[in-house]
Amino acid sequence: MRTFFILIFLSLVGIAVAMGTVYYNDMEKSGNNVALPSLELPYKSFIAGTGIVVAGSKNIVVGANVAGVVKKVFVQSGDKVHKGELLFRLDDSAKRSNIAVLNAAIQSALAKLQSAKHQLNIIQNMKQLSANMVTNEKYTKLKDDYSEAKDNFAFTKQKLKALQEELKLYKVYAPIDGIVLRSNLAVGSYFARNSKALILGSNKLNIRVNINEFDSWKFQKNADATAFIRGNPKQKVKLSYLYTIPMVTPKMNLTGAPTEQTDTRVLQVVYSVKNRPEFPLYVGEMLDVFIENSKGN
């Protein structure tokens, strides 16, 4: 009987220790949580919208006039580039192998041209000595041979020039001054003409704001607008109106909120960043935007 009560006592002690451990761990975790700073609304009356950071130039999908295997890559994501800077090069070895063939063809065409010219000079000299020494048929034939050799030589040189111009297409250069937003290029990978492996954007950033269609009538383009960084509302950006896209469209940029309605239609307004902040802004980043509503409705 005594043993039974001892076991009951030890069980109760074990339960108490377990409950104390769980309670202590919960207190320790809650003590490590950092509360997010509260958002101070910038205006008494406002229109709220979701903004997304976009490049001022819009996203430029870099393409090429030819397709091929990537031979060398000179940039990566995040690199700043200047207009005309070499971005990557495609394998042009198959085309380059034709250069030696064309050079040989040029030398052969040149030899035939020189031979035809030499034969024509001889006949012309003989014809000057005596018109009866050379028949008109032979003289005409040699003139035609010389003209054909000259055209063939010029055509072969033009083919080489065209090939050299085509080889330039295997090098892809930056179309603007900007930054590499994304690069999935890798040496040995295949680059198609419609590839989206390399995307550039200008250094200037804009904010494209989605305004709910129910609030679109309140919008005024000259109203003040402020964007807040999600997760740290102390970081904010003053915006300057650029233009309105005059077409209400289905909402495409979803925030992930459980109460979000995916069938909402929005008016899109584009703002520029007045002064580039010290904290980073990334293309594709979503911001909370507030636009002053002077109408107060």
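Residues numbered from 1 in each chain as written. Predicted model: local features only at pLDDT ≥ 70, side-chain atom pairs only at ≥ 80, totals over all residues. Heavy atoms only, no water.

A. Local environment of the pairing of strand 5 (residues 86–90). Pairing geometry for strand 3 (residues 68–73) and strand 5, over three bridges, is antiparallel. Within strand 5, the position partnered with K72 by the bridge is R89. Here three bridges tie strand 5 to strand 6 (residues 171–173), and the two strands are oriented antiparallel to one another. Considered in strand 6, the bridge of R89 is made with K171. (Pairing = 2+ DSSP bridges. Helix = DSSP H or I, 4+ residues; strand = E, 2+ residues; numbered from the N terminus.)

B. View of the nonpolar core. Counting 22 residues, the largest nonpolar core has I207, L239, Y271 and I291 as its most contacted members. Ignoring sequence-local partners within four residues, the contact set of I207 consists of G51, I52, V53, L239, V269, V270, Y271, V273, L287 and V289. Y170, L185, A197 and L200 belong to the second-largest nonpolar core, a separate cluster that totals 18 residues. (Core = buried A, V, L, I, M, F, W, Y, C linked by side-chain atoms within 4.5 Å. Buried < 20%, exposed > 50% of the residue type's maximum accessible area, 1.4 Å probe, protein only. Contact = heavy atoms within 4.5 Å.)

C. Expanded view of the side chain of S202. Looking at where S202 falls in the secondary structure, it is placed in the loop between strand 9 (198–201) and strand 10 (205–212). Judged by its relative accessible area of 14%, S202 falls in the buried class. Polar contacts involving the side chain of S202 include one to the main-chain amide nitrogen of G56, which spans 3.3 Å. S202 has contacts with A55, G56, S57, I176, D177, G178 and I179, leaving out every residue within four places of it along the chain. (Polar contact = N/O pair within 3.5 Å; in protein donor to acceptor, adjacent residues only side chain to side chain.)

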